[in-house]
Amino acid sequence: MIGKKYIVAGRVQGVYYRATAARHARELLITGHARNLPDGRVEVLAYGSEASHDEFVRRLWIGSSASNVTSVEAADVADGFEAPTDFITR
């Protein structure tokens, strides 16, 4: 199980980006959350297999039909945290 935090920038708030990310995460058996940040970006915390992350980050770049993603930054999540059992939006 790999944990990653993605910070997604561009037109990603108010365009169903988080809902789309949640749908893709569930399809790929990824757990975690997506939430809006005050600066207009979206934070996505994701736990899943390496193969799932590879596909998930590709889909994060695509986003929803109304979004326009300009960057996706990824960082490893420190070990020792218990992975969530579902994917939610906040």
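Since the structure is predicted, the reported quantities are computational estimates derived from the model, not experimental observations.

(A) Just the sheet that holds strand S1 (residues 2-11), in detail. Within the open sheet, the five strands sit side by side as S4-S1-S3-S2-S5. Their pairing is mixed. Each of the sheet's edge strands pairs with one partner strand only, and the pair in question is strand S4 (68-76) and strand S5 (87-89). Each neighbouring strand pair of the sheet contributes to a mean axis angle of 15°, computed without reference to strand direction. Here strand S2 (residues 31-36) pairs with strand S3 (residues 42-48) via six bridges, running antiparallel. Across the sheet, residue Asn36 finds its bridge partner in S3, namely Val42.

(B) Summary view of the pattern of salt bridges. Counted under the stated rule, the structure contains nine salt bridges. Of the charged contacts in the structure, one is a salt bridge between Lys4 and Asp76, with a shortest N-O distance of 2.6 Å. Separated by 72 residues along the polypeptide, Lys4 in strand S1 and Asp76 in strand S4 bring together distant segments of the chain. A salt bridge links Lys5 to Glu43, with the shortest nitrogen-to-oxygen separation between them at 3.8 Å.

(C) Main features of helix H2 (residues 50-62). Between the first and last C-alpha of H2 there are 19 Å, a value that for 13 residues agrees with the 18 Å anticipated at 1.5 Å per step. Within the span of H2, buried status applies to Ser52, His53, Phe56, Arg59 and Leu60. Take H2 and look down its axis: the buried residues cluster within an arc of 130°, on one side only. Along H2, the residues that are exposed and aim more than 90 degrees away from the buried face are Glu50, Ala51 and Ile62. Looking at the packing, one finds that the buried side of H2 touches S1, helix H1 (17-27), S3, S4 and S5.

Criteria and cut-off values
Residues numbered from 1 in each chain as written. Predicted model: local features only at pLDDT ≥ 70, side-chain atom pairs only at ≥ 80, totals over all residues. Heavy atoms only, no water. Pairing = 2+ DSSP bridges. Helix = DSSP H or I, 4+ residues; strand = E, 2+ residues; numbered from the N terminus. Axes fitted to C-alpha atoms, helices over the stretch in contact; angles between N-to-C directions. Salt bridge = Lys/Arg side-chain N within 4 Å of Asp/Glu carboxyl O. Expected span 1.5 Å × (residues − 1). Buried < 20%, exposed > 50% of the residue type's maximum accessible area, 1.4 Å probe, protein only. Arc of directions from axis to C-beta. Contact = heavy atoms within 4.5 Å.

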